[in-house]
Amino acid sequence: MEYGLYNLTASATLIPKFSSRGVINSISICNASASNTATISLYLDDDTNSTHFVKNLVMPVGTTLILTEGLSFDNDSLALKITIAGTSPDVQVIIK
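A few words on the overall build of the protein chain. Counting its secondary structure elements, the protein chain contains 0 helices and 8 strands. Starting at the N terminus and ending at the C terminus, the protein chain contains elements arranged as β-β-β-β-β-β-β-β. Counting all 96 residues of the protein chain, 39% fall into the buried class. Long-range contacts, defined here as pairs at least 24 residues apart, represent 73% of the contacts in the protein chain between residues at least 6 apart. Of the roughly 5300 Å² of accessible surface on the protein chain, 50% is carried by carbon and sulfur atoms. Treating the 5 positive side-chain charges of the protein chain as one cloud and the 8 negative ones as another, the clouds have centres 3 Å apart.

Thresholds applied
- Residues numbered from 1 in each chain as written.
- Predicted model: local features only at pLDDT ≥ 70, side-chain atom pairs only at ≥ 80, totals over all residues.
- Heavy atoms only, no water.
- Helix = DSSP H or I, 4+ residues; strand = E, 2+ residues; numbered from the N terminus.
- Buried < 20%, exposed > 50% of the residue type's maximum accessible area, 1.4 Å probe, protein only.
- Contact = heavy atoms within 4.5 Å.
- Areas by Shrake-Rupley, 256 points an atom, 1.4 Å probe, with all protein chains shown as cover.
- Lys, Arg positive; Asp, Glu negative; His and termini not counted.
- Charge placed at Lys NZ, Arg CZ, Asp CG, Glu CD.

Honestly, that's just the spatial picture; any functional story needs more than this.
In structure tokens, the structure reads:
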């Protein structure tokens, strides 16, 4: 899959530490499930502490969250991670 495009059914590290990802202009998170809500958290992690962009957000079927502000971070010390919970989640993430 192309870097920055993710089809997820479980929690994942979207951008690992030290990956030289560059500038992030937007993050789109879509609950692509046809029948189930998904609960997501998007956060920065330094292996000791976590700082959330979004925490425990319940996304109804077919909804999309688009984040466009305050997304820059030091990728040498932080990773971007997402947790996903729900029955058979189907979450699509696009990072530009």
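Text resumes after the structure shown.
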